[in-house]
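This is what each chain is made of:
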Amino acid sequence: MQSIYQSTSLLLLAFGATADAFSTTSNAPSSTDVTQVGSLTVPTIGCGTIAWSTEFGRPNPELIDLVSTASTNQNGVFLDTGERYGSHAKTALGMGWGETECLVAKLLKDNDAVENHPSKAVVATKFTPSPWRTTVESVVEACEESRKRLGVESIDLYQIQMPDIVKPLRAFGFDKSYDKVYWDGLAECYNRGLVQNVGVSNYGPTLVTECSEHLAKRGVPLASNQIAYSLIGRHNGAQQTLDTCNELGVKVLAYYPFAMGLLTGKYTSAMPELSAEHALTSSLTKSRRSKFEQKDLERYAKGDGKSIPAGGVAPLLSTMERIANDRDKTVAQVALNYIICKGAVPIPGARTAAQYVDNMGALGWRLTEAEVSEMENVADNLGFSFDGAGFKRSNAKFVGYGMETWSLT
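Cut-offs and rules
- Residues numbered from 1 in each chain as written.
- Predicted model: local features only at pLDDT ≥ 70, side-chain atom pairs only at ≥ 80, totals over all residues.
- Heavy atoms only, no water.
- pLDDT = per-residue confidence, 0-100.
- Contact = heavy atoms within 4.5 Å.
- Core = buried A, V, L, I, M, F, W, Y, C linked by side-chain atoms within 4.5 Å.
- Buried < 20%, exposed > 50% of the residue type's maximum accessible area, 1.4 Å probe, protein only.
- Helix = DSSP H or I, 4+ residues; strand = E, 2+ residues; numbered from the N terminus.
- Salt bridge = Lys/Arg side-chain N within 4 Å of Asp/Glu carboxyl O.
- Axes fitted to C-alpha atoms, helices over the stretch in contact; angles between N-to-C directions.
- Parallel < 35°, antiparallel > 145°, perpendicular 65-115°, else oblique.
- Nonpolar A, V, L, I, M, F, W, Y, C, P; charged D, E, K, R; others polar.
- Expected span 1.5 Å × (residues − 1).

So, about the confidence of the model for the chain. The predicted coordinates ought not to be read in detail in places where the model reports low pLDDT. Predicted confidence across the chain gives a mean pLDDT of 84, with 79% of residues reaching 70 or more. Segment residues 23-31 is flagged for pLDDT under 50; beyond a separation of four residues in sequence, or across chains, it makes 22 contacts in the model. Between residues 268-282, whose pLDDT stays under 50, and residues either more than four places distant or in other chains, the model counts 19 contacts.

This paragraph deals with the nonpolar core. Of all hydrophobic cores here, the largest spans 88 residues; its most connected members are Trp-52, Tyr-158, Ile-232, Leu-263, Leu-316 and Met-320. With nine residues, the single largest contributor to this core is helix 12 (residues 331-341). If near-sequence neighbours (up to four positions away) are discounted, Leu-316 is found in contact with Leu-231, Ile-232, Leu-263, Met-375, Val-378, Ala-379 and Leu-382. Val-37, Leu-40, Leu-157 and Val-345 belong to the second-largest nonpolar core, a separate cluster that totals eleven residues.

What follows covers the pattern of salt bridges. A full pass over the atoms with the stated rule returns 15 salt bridges. Among the ionic pairs, Glu-137 bridges to Arg-192, the shortest N-O distance being 3.3 Å. Of the two residues, Glu-137 sits in helix 5 (residues 136-150) while Arg-192 sits in the loop between helix 6 (179-191) and strand 9 (198-201), which places them 55 residues apart along the sequence. Several salt bridges share partner residues, and in doing so they unite Glu-137, Asp-184, Glu-188, Arg-192 and Arg-218 into one network.

Glancing now at the packing of helix 12 against helix 14 (residues 369-380). Running from amino to carboxyl end, helix 12 crosses helix 14 at an angle of 105°, the nearest separation of the two axes being 11 Å. Considering their axes alone, helix 12 and helix 14 lie roughly perpendicular with respect to each other. For the pair formed by helix 12 and helix 14, the contact residues are Val-334, Tyr-338 and Cys-341 on the first element and Val-372, Met-375 and Glu-376 on the second. Residues of the contact of helix 12 with helix 14, tallied by class, amount to five nonpolar, no polar and one charged.

Moving on to helix 10 (residues 291-302). Its twelve residues place the ends of helix 10 16 Å apart at the C-alpha level, agreeing with the 16 Å of an ideal helix rising 1.5 Å per residue. Of the residues trailing helix 10, Gly-303 is marked for its positive phi of about 85°.

See below:
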């Protein structure tokens, strides 16, 4: 019971701050910590749903608790999902899209029934570029299906999941890009009232600028661009993309804010006799990730003496731990707050109420400019940049017949 009371207290404290870029103290200002994404006012930290799943056709009990906990926030909850998200094999094989959208809708509907009032949930979902989708109407049809699965009249934020890179017949000369067709599709959805806001994902500076200008000609503002971004994931065009989006007034939504767990503190230890490197190794040996992912994460954690210097991410974690301890925060909260200070909205995944509450503990305060600069300097001197692990990459996607890549540069 004590942990429940502590979690509730943390949650209540987390939802009482401004979105000022930096703060010289950790005291929470009086107003709420929210951000504008297009016409939407959302908590400055979202919640990713890509790992959400059902158990025997029913919502996982931990997810029910998560949604119930999130509903206590006076500013609502910002959920990010996609038509392509789902845990079933048929979804992975491209035969059963929309599983997670349906799950999100059911969780929110059931929670509303229990609480006896509608939740203040903002839900963003995504359109997936595919070889058979080559017309404006194909975007509209996909949007309609997502809207029905989510059970809403109008989708809060409708995003394109990635550039049009899925080209199974590229070797035979069939590689025409339909990006502009998809942009026109977004505009059509917006103008028909099917969506309130439109966004993109994994667009670099050039493409996001072109998209913003293209949509503007249709009278449609580009609200967001979702990219991989973290303390150790600012290179390969990510920082330039963030800077460009800030100039355009396009809000960046940051996935992989923890660099797939490397920056959460789960790979560190409270035992002073253990070095950060040893603690990282100990945690990774107990990981449930795939062998491919674990192998890559171990390289980041320890270094391989080749592409990643010996020591890996440990020096940065030591700095983050010190800052977290000074502020009575967790390493994960420092990682999220850093992204907020850079002008982006982190979208960490969460599968339990405890994870969600800990993530929300990054609200209501800001790192100082000196702390941000110190962490960036340490991260820059690591000698590597995080670009994903296994088949989960920040610049590529496994699409059945192989990996297709994009570039933010």
